[in-house]
Amino acid sequence: MVKRILSFILIGLLLAATPLWAAQVTAVADRDRIGEGDSLHLELRVQGKPAADPDLSVLEQDWDILNRSRNSQVQIVNGDFTRSLVISLTLMPKRSGEMTIPAVCFGSDCSLPLPIQVSTQPLATSAGDELLLEADVEPKQVLVGQQVVLTIRVLHRGTLTAASLNNVQPQGVPADIQALGEDRNFETKRDGYRYQGIERRYALFPQQAGELLLPRLTLQAQVASANGFGAFGTSTRDLRRFSPALTVQVAAQPGTGNGRLWLPATAVTLTDSWQQQPPQFRVGEPVTRTLTLQVTGLPAAHLPDLKLPLPTGWKSYPDQPVRNDSDASSGVVGTLEQKIAVVPTAAGTLQLPGFDLDWYDVNSGQWRVAKVAPLSVTVAPAAPGSISQPPPSVAPPAPAPAQSAPPESAPAPVSQPKTAAQASPTHGISPWLWVSCGLAIGWLLTLLCWWQQRRRQPQGRVDSIIEESLDVREKDAFKQLLAAARSNDPAATRQALVTWGRSLWPEAGSNLEQLALLLDEPLQILIENLSRELYSKTAGAWQGEDLVRELQRWRGQKREKGRPVELPPLYPSGK
């Protein structure tokens, strides 16, 4: 028992005295010759207790430290006390050539430097290189804006347990870049060895003439192979591979553009389709026209909006274009779909002009034209009963003039059968002549009284009479219009506008465009926006407060001035 106590005391004294002993540091590398992109395993072995933690910053000048681990042990065998520390590092060289693992110090205790030879190429194993990184571009000479396809391939013979590839960063001239689809897995052979492959593609579009530089890419990976003696007969190696740097010569666009849009592509198609085939037109009714532009070799973001010119007699309401990209073996395919609501405003035979889109064929080096053919159409008058056609015009009842009402004191003549005495004249003058003269005098007196009374009325009373004489139908229609606009319902607002316009101008019918001509510019703009909202396929949250405000302003001004002006001719002469 006493001996055991003495042993523990001795061990404690030894532990306390250990810092006084110098630690021995040894650096051991698993290889002294590696290829660029290969890693090596370095162990820093320490016998005894080190005076401080290791200073690993001396390694970072020429080496990347990929992994590190620490293992310490204390052993007592037959009374002998030993302390050991092993720090394991995975190092990747930053350059090739004659390199050195410098001395690593734990305080005052340091290891010896180790020389390492790093070749410019990965060292092939007995079964071929385990990891390859390839990159190429096509074509190597392009025009400004033309597509360049960059293809990157990662080839491996073992199992990839981890891998990372840095991003593509073009230099030299500005360029847009986008990925082409998802990574593709495949199998291939290199130098007689079979590899598993991962392919990634990018499309680049240089925006200026000059030299487009693609710096080398770096692949960091861990590969597990069956060539080592690790767990279950496998070993894992940290590897780094580099692709070659690439350059692309970018030339300016040809000088024969003459102000045309610059669309460098390999193929362009422009199609025109209608909501109905063949399209049928009526005045005031929209028909949807769809233009589809598909370009091989350009993304949809680079495609121009399609604006078709329209002659007199048409209105158009284009929707927001829809853009989509798809992938093909030759690169990106951009598609732009433009929907346009076309509304005829006049009946008869009308012409829709054609549309030409110039583009540059990069394969042949020639300008080409994509066309939309002109179209001659017959526009029918608005259908009876539809919102675009006025119903049979009914003249509003004319207000009876005040002087037409007979005075209450004047009785209506009553027809009585004539007697022989009545039929004969009395003293040569008919009694009916006296009655007619009396009635005429009564009418004249009534008119005179009414005119004098009107002159004596104050101006406020006159305004009141004008207010009371407004058409009741117009009042009701205006209230319904305001209610529809305040509810932010564009369809109901359009219907209410047509109804209100009819109450003011029966000859205007149901053509909203003609009604807008009778109003001032602020209201014309708001009605145009309302029509655009109705015809758009991507309608938003339309708000009617501005329309309510402008309608109230316009109506108030017209009521101060009297009845609005007459409707201008629907088809002015000379057009």
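See the structure above.
For clarity, every value in this text was computed on a predicted model and none was experimentally measured.

**Student:** Sorry if this is basic, but what is going on with the sheet that holds strand S11 (residues 141-143) here?
**Tutor:** Picture the strands of a sheet paired through backbone hydrogen bonds; they go either parallel or antiparallel. Across the sheet, which stays open at both edges, the three strands sit in the order S11-S20-S17 with mixed pairing between neighbours. Edge positions in the open sheet fall to S11 and strand S17 (210-214), since each of these has one partner strand only. Direction aside, neighbouring strands of the sheet carry axes that sit 30° apart on average. Pairing geometry for S17 and strand S20 (residues 246-251), over five bridges, is antiparallel. What sits directly across from Leu212, in S20, is Val248.

**Student:** Mind showing me how you'd approach the packing of aromatic side chains here?
**Tutor:** Think of a pair of aromatic rings as described by two things: how far the centres are apart, and how the planes are tilted against each other in angle. According to the stated counting rule, one finds seven aromatic pairs in the structure shown. Residues Trp262 and Tyr360 carry aromatic rings whose centres are separated by 5.2 Å and whose planes lie at 40° to one another, so their mutual orientation is tilted. In this pair, Trp262 sits in the loop between S20 and strand S21 (264-265) while Tyr360 sits in strand S29 (residues 355-361), placing the two residues 98 residues apart along the sequence. The two residues Trp262 and Tyr360 agree in class, both being buried. Here the aromatic rings of Trp274 and Phe281 are separated by 5.6 Å at their centres, their planes lie at 85°, and the arrangement is edge-to-face. Take Trp274 and Phe281: they sit in the same class, and that class is buried. Pairwise contacts between aromatic rings join Trp262, Tyr360 and Trp367 into one cluster. Stacked on the ring of Trp367, the Lys or Arg Arg260 has its end atom at 4.1 Å from the ring centre.

**Student:** Could you clarify how one ought to interpret the nonpolar core in this entry?
**Tutor:** Across soluble globular proteins, nonpolar side chains show a tendency to be buried alongside one another. By size, the foremost hydrophobic cluster in this structure holds 34 residues, and its most contacted members are Leu270, Phe281, Leu293 and Trp314. Secondary structure elements with two or more residues in this core: strand S16 (193-206), strand S22 (267-274), strand S24 (287-296), strand S27 (331-344), strand S28 (348-352), S29, strand S30 (366-372) and strand S31 (375-380). Setting aside its immediate chain neighbours within four residues, Leu270 contacts Thr292, Leu293, Leu306, Phe355, Leu357, Ala370, Lys371 and Val372.

**Student:** Before we go on, may I ask you to explain the packing of helix H6 (residues 490-504) against helix H8 (residues 521-535) in this structure?
**Tutor:** Viewed as axis vectors pointing N to C, H6 and H8 meet at an angle of 130°, and their least axial separation amounts to 10 Å. Classified by the angle their axes make, H6 and H8 are oblique. Note on packing geometry: the crossing formed by H6 with H8 is left-handed. Seen from H6, the contacting residues are Pro490, Ala491, Thr493, Arg494 and Leu497; seen from H8, they are Ile527, Leu530, Ser531, Glu533, Leu534 and Tyr535.

**Student:** Would you mind going over the sheet that holds strand S9 (residues 114-119) with me for this structure?
**Tutor:** Sheet architecture is open: three strands sit in the order S2-S9-S6, paired in mixed fashion. Every interior strand has two partners, whereas the edge strands, strand S2 (33-35) and strand S6 (97-101), have only one. Across the sheet, the axes of successive neighbouring strands diverge by a mean angle of 35°, strand direction being ignored. As paired strands, S2 and S9 are joined by three bridges and run parallel to one another. Looking across to S9, one finds that Arg33 is bridged to Gln117.

**Student:** Looking at this model, I keep getting lost on the state of the cysteines. Mind explaining?
**Tutor:** What is meant by a disulfide is a covalent connection between two cysteines, made through their sulfur atoms. On inspection of all chains with the given rule, the structure shows one disulfide. Shown here is the disulfide that connects Cys105 with Cys110, its sulfur atoms set 1.8 Å apart. Across the disulfide from Cys105 to Cys110, rotation about the S-S bond amounts to roughly 105°, and the bridge is consequently right-handed. Using a relative accessible area of 37% as the deciding quantity, one classes Cys110 as partly exposed.

**Student:** Please explain empty space enclosed by the protein as it appears in this structure.
**Tutor:** Rolled over the atoms, a probe with the dimensions of a water molecule shows which regions are left empty. As enumerated under the stated definition, the model contains two cavities of 30 Å³ or more in all. Roughly 60 Å³ of internal volume is contained in the largest cavity. Lining of the largest cavity is provided by Ala135, Leu150, Val168, Gln169, Leu214, Pro215, Leu217, Ser243, Pro244 and Leu246. Tallied by class, the residues present in the lining of the largest cavity amount to eight nonpolar, two polar and no charged.

**Student:** Would you take a moment to explain H6 for this structure?
**Tutor:** Given 3.6 residues per helical turn, the α-helix brings residues three or four places apart onto the same face. Between the first and last C-alpha of H6 there are 21 Å, a value that for 15 residues agrees with the 21 Å anticipated at 1.5 Å per step. For H6, the complete set of buried residues consists of Pro490, Thr493, Arg494, Ala496, Leu497, Val498, Trp500, Gly501, Ser503 and Leu504. For H6, the N-terminal cap is Asp489; the gap from its side-chain oxygen to the backbone nitrogen of Ala491 is 3.2 Å.

About the criteria used
Residues numbered from 1 in each chain as written. Predicted model: local features only at pLDDT ≥ 70, side-chain atom pairs only at ≥ 80, totals over all residues. Heavy atoms only, no water. Pairing = 2+ DSSP bridges. Helix = DSSP H or I, 4+ residues; strand = E, 2+ residues; numbered from the N terminus. Axes fitted to C-alpha atoms, helices over the stretch in contact; angles between N-to-C directions. Phe/Tyr/Trp six-rings, centres within 6.5 Å; stacked < 30°, edge-to-face > 60°. Buried < 20%, exposed > 50% of the residue type's maximum accessible area, 1.4 Å probe, protein only. Lys NZ or Arg CZ within 6 Å of the ring centre and 35° of its normal. Core = buried A, V, L, I, M, F, W, Y, C linked by side-chain atoms within 4.5 Å. Contact = heavy atoms within 4.5 Å. Parallel < 35°, antiparallel > 145°, perpendicular 65-115°, else oblique. Left-handed = near helix turned anticlockwise from the far one by under 90°. Disulfide = S-S within 2.5 Å. 1 Å grid on protein atoms, 1.4 Å probe; cavity = no way out; pocket = protein on both sides within 12 Å on 5 of 7 lines; lining within 4 Å. Points joined across faces, edges and corners; volume = space filled by probe spheres on them. Nonpolar A, V, L, I, M, F, W, Y, C, P; charged D, E, K, R; others polar. Expected span 1.5 Å × (residues − 1). Polar contact = N/O pair within 3.5 Å; in protein donor to acceptor, adjacent residues only side chain to side chain.

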